[in-house]
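Tertiary structure, described
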Amino acid sequence: MKPAQRRVVDVVMAWLTALAAGAVILPLLMILGFLLLQGASAVNVDFFTHLPKPVGEDGGGMANAIVGSLVLVGMAAGIGLPIGILGGVYLAESRDRRLPWVVRFLADVLNGVPSIVVGIFAYTLVVLPMRRFSALAGAVALAVIMLPIVVRTSEEIVRLVPSSLREAALALGIPEWKMVLRVVLPTARAGIITGVMVAVARVAGETAPLLFTAFGNRFWHQRLDQPIAALPLQIFAYAIAPYDDWHRQAWAGALVLIGMVFVVSLAARLATRGRLSGAR
Amino acid sequence: MIDGIRVGALNAWFHGLHVLHGIDLTMAPKAVTAIIGPSGCGKSTFIRCLNRMHEVVPGATVSGTVLVEGEDLYAAGVDPVQVRRRIGMVFQRPNPFPTMSVFDNVAAGLRLAGVRRRADLQEAVERALRQAALWDEVKDQLDKSGVSLSGGQQQRLCIARALAVEPTVLLMDEPCSALDPIATARIEELILELRSALTVVIVTHNMQQAARVSEATGFFLMGEMVEFGVTRALFTNPRDKRTEDYITGRFG
């Protein structure tokens, strides 16, 4: 290849990759722009502090659904994260070959199970025996969706911790479990939290598995074994209703949902930035 | 103190591959013993058998005896974790814990062994850092990350980390192979100072280094110990033809 030709290829490729990178963020920007356009007018103090108004009355808000979503995702994280992270550590650290292979394979299958099916699973497992829809059932469904994501990302990250660090710890006379807890997990912390955030963001927007588990609620939930409102459910209900005001509120709900995911991700990112001065 | 380290009929395997063949040798206490040999001769495997780190790798097995101060590390019922507390190890590449500060790195072994009192930790950390000739360079940055130090400082930090738990033996697996000559010289000075306090075994592929720091040297080749003796004698007047070929640079 002649130098002139090479320079042309260089410039063209540089632009192509830059364009592709732009194309990645374009959908997000368009979604955000559209949501702002449609929903920003309905996002006001009432939206965060009031319950939905009865049919026919304008105004009101989604306070119960915002809190409901936080409760559901919080409970799901409480169930799913410990199991997922510990499971990932097992997959990465175990010297056994067969069981990890099976677990890994099944986790990938679970990841591909449609979320509505996970909803049916939680319905059979929790709703039927308890004889009512509940926040707990919704949280179980969301936790099941989180599990494979958390397990697999935790495994990958823990695997990335250099073996030289494990050896350093073992050579100091540190038992294996303490090595994992005090050396491996802290080293993998930032990566694990990224995986956790991906999982949280994913389930925060899930609608299908909540339809017949958390069920939705137009009022405040009183207890966790009762139906609870959730933003995605509320958005769904409002979006298919025939009222313009509800449509506006659905847009606003979507905007708030994305905003919440964004804030939580950003907070986690900032929180995991090196505590130690001079750390990379 | 009785004898330092006595190795008897030591064999090691990786997944059935025989990598160490019946090693017998006695290393003097409070002295430096060097192990030299070409890459793949089993010298790293050998040193890893001395603190039961060999078996950490899946598929690795050992037979034979390693007596440290009269106690067999491979006797039934011996806890490898306890063994490693008494026998420190420094690796080829500096490997400080990246999430810990300089102080926490040195204190790691003690903390994980259950030492809690701040004053005890501070005292032990300062003593270990002084012993590793690092105190003056880092005393004002104990809170900085361990990986923010230079390569040579990181390696001395790792030595301090190993010394903090007050081992009786320090194993060094090519501790200078990732360092520049100046950092190497400092580590060598350090080894000569440590000699008065503990038994040092150093694996190196640098023959000059072995000659500079050790009293006794063993030459390994293809999993066997070809020759073992006083360092000066081994380098000036080797008994075995293969040793002579190696130290004169005719192979390896």
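Up top you'll find the structure we're talking about.
Being a predicted model, the structure only gives us computed values, none of them experimental.

**Remarks on the overall build of chain A**
Helix and strand content of chain A: 10 helices and zero strands. Taken over the C-alpha atoms alone, chain A extends approximately 70 × 65 × 40 Å along its principal axes. Sorting the 280 residues of chain A into buried and exposed places 38% on the buried side. Pairs at least 24 residues apart make up 72% of the contacts formed inside chain A by residues separated by at least 6 positions.

**Things to note about the overall build of chain B**
Looking only at helices and strands, chain B has 10 helices and 10 strands in total. Its C-alpha atoms put chain B at 55 × 45 × 35 Å along the principal axes. Counting only residues that meet the buried cut, chain B has 49% of its 252 residues in that class. Within chain B, contacts between residues separated by at least 24 positions form 68% of all contacts whose residues are at least 6 apart in sequence.

**A look at unusual backbone geometry**
For K30 of chain B, which is not glycine, the phi dihedral falls at a positive 45 degrees. Here K30 of chain B shows up in the loop between β2 (17–27) and β3 (32–36).

**Describing the interface of chain A and chain B**
Taken residue by residue, the interface counts 21 residues in chain A and 26 residues in chain B. Looking at the side of chain A that touches chain B, the element that brings in the most residues is helix α7 (residues 163–171) of chain A, giving six residues. Partitioned by chemical class, the residues of the side of chain A that touches chain B number 11 nonpolar, five polar and five charged.

**Re helix α9 (residues 231–239) of chain A**
Listed as buried for α9 of chain A are L231, P232, L233, Q234, I235 and Y238 of chain A. Of the surrounding elements, those touching the buried residues of α9 of chain A are α3 (63–93) and α10 (244–271) of chain A.

**What to know about the sheet that holds strand β4 (residues 60–68) of chain B**
Residue and element names in this part refer to chain B. Strands sit in the order β2-β1-β4-β5 across an open sheet of four strands; the sheet is antiparallel. Each edge of the open sheet carries a strand with a single partner, namely β2 and β5 (71–72). With eight bridges connecting them, strand β1 (residues 5–14) and β4 associate as antiparallel partners. Within β4, the position partnered with V7 by the bridge is V66.

**Observations regarding the environment of M53 of chain B**
For M53 of chain B, the location among the structural elements is in the loop between α1 (43–49) and β4. Given 24 C-beta atoms within a 10 Å radius, M53 of chain B is considered buried. On a C-alpha basis, the gap between M53 of chain B and E227 of chain B in space is 24 Å, while along the polypeptide they are 174 residues apart. With sequence-adjacent residues up to four places away left out, M53 of chain B is seen in contact with E167, L170 and A171 of chain A together with R48 and M89 of chain B.

**Things to note about the nonpolar core**
Residues L142, M146 and A214 of chain A together with A160 and A164 of chain B are the most contacted members of the largest nonpolar core, which totals 151 residues. In terms of residue count, the dominant contributor to this core is helix α6 (residues 135–160) of chain A (17 residues).

**Some details on the pairing of strand β10 (residues 224–230) of chain B**
Residues and elements named next belong to chain B. Strand direction decides the pairing type here: strand β9 (residues 216–221) and β10, joined by six bridges, are antiparallel. Across the sheet, the residue bridging to L221 is E224, located in β10. Hairpin geometry of β9 and β10 is characterised by an intervening segment of two residues between the two adjacent antiparallel strands and by a positive phi of about 50 degrees at M222.

**Some words on the pairing of β2 of chain B**
All names here are of chain B. Of the pairings in the sheet, the one linking β1 to β2 comprises seven bridges and is antiparallel in character. When the sheet's bridge partners are listed, F14 is paired in β2 with L17. Where β1 hands over to β2, the hairpin turn is made up of two residues, of which H15 adopts a positive phi near 50 degrees.

**Topic: helix α1 (residues 3–39) of chain A**
Residues and elements named next belong to chain A. Given a rise of 1.5 Å per residue, 37 residues ought to cover 54 Å, and the 53 Å separating the end C-alpha atoms of α1 matches this to within 8%. Of all the bends in α1, the largest measures some 35 degrees and sits at I25, one to four residues before the proline P27. By the criterion of burial, α1 is predominantly exposed, with just two of the 37 residues buried.

**Focus: the packing of α7 of chain A against helix α8 (residues 176–204) of chain A**
All names here are of chain A. The contact between α7 and α8 brings their axes to 10 Å, and the two run at 155 degrees. In terms of axis orientation, α7 runs roughly antiparallel to α8. Where α7 crosses over α8, the two elements pack in a sense that is right-handed. In this structure, α7 uses L165, R166, A169 and L170 to contact α8, whose residues at the interface are M179, V183, V184 and T187.

**Quick word on the environment of A204 of chain A**
Turning to its location among the elements, A204 of chain A is positioned in helix α8. For the pair A204 of chain A and V261 of chain A, spaced 57 residues apart in sequence, the C-alpha separation works out to 7.4 Å.

**Quick notes on the sheet that holds strand β8 (residues 199–203) of chain B**
Across a sheet, strands are paired by hydrogen bonds formed along the backbone, either parallel or antiparallel in direction. Residue and element names in this part refer to chain B. Strands sit in the order β6-β7-β8-β3-β9-β10 across an open sheet of six strands; the sheet is mixed. Taken across any chain shown, the strands that pair with only one partner, and hence form the sheet edges, are β6 (87–90) and β10. The average undirected angle you get between the axes of adjacent strands in this sheet is 15 degrees. Pairing of β3 with β8 involves four bridges; the strand directions are parallel. Among the inter-strand pairings, T33 is bridged to a residue of β8, identified as V201.

Conventions and cut-offs
- Every chain is numbered independently, its residues counted from 1 as its sequence is written.
- All chains are assigned letters beginning at A, and all ligands numbers beginning at 1, according to the order in which they are written.
- Note on the predicted model: pLDDT of at least 70 is required for a residue's local features to be given, and 80 or more for side-chain atom pairs to be given and counted; whole-chain, interface and lining totals, by contrast, use all residues.
- Helix numbering and strand numbering both begin at the N terminus, where a helix is a DSSP run of H or I of at least 4 residues and a strand a DSSP run of E of at least 2.
- Three exposure classes are used. Buried residues have 20 or more other C-beta atoms within 10 Å of their own C-beta, exposed residues have 12 or fewer, and partly exposed residues fall in between, all C-beta atoms being placed from the backbone.
- What counts as a contact here is a pair of residues whose C-beta atoms, placed from the backbone, lie within 7 Å.
- Residue polarity follows a fixed list, in which Ala, Val, Leu, Ile, Met, Phe, Trp, Tyr, Cys and Pro are nonpolar, Asp, Glu, Lys and Arg are charged, and the others, Gly among them, are polar.
- A pair of strands is treated as paired once DSSP finds two or more bridges between them.
- As used here, a nonpolar core is made of buried Ala, Val, Leu, Ile, Met, Phe, Trp, Tyr and Cys residues. They are joined through C-beta atoms within 7 Å.
- Expected helix span is given by 1.5 Å per residue-to-residue step, counting one fewer step than there are residues.
- What is called the bend at a residue is the angle between a pair of axes, fitted to the seven residues leading up to and ending at it and to the seven starting from it.
- Lines are fitted to the C-alpha atoms to define the axes, a helix being fitted only along its stretch in contact, and any angle between axes, read from their N-to-C directions, falls within 0 to 180 degrees.
- Geometric relationships in this document are graded by angle, where less than 35 degrees denotes roughly parallel, more than 145 denotes roughly antiparallel, 65 to 115 denotes roughly perpendicular, and other angles denote oblique.
- Crossing handedness: left-handed means the near helix sits turned counterclockwise from the far one by under a right angle, and right-handed means the same turn made clockwise.

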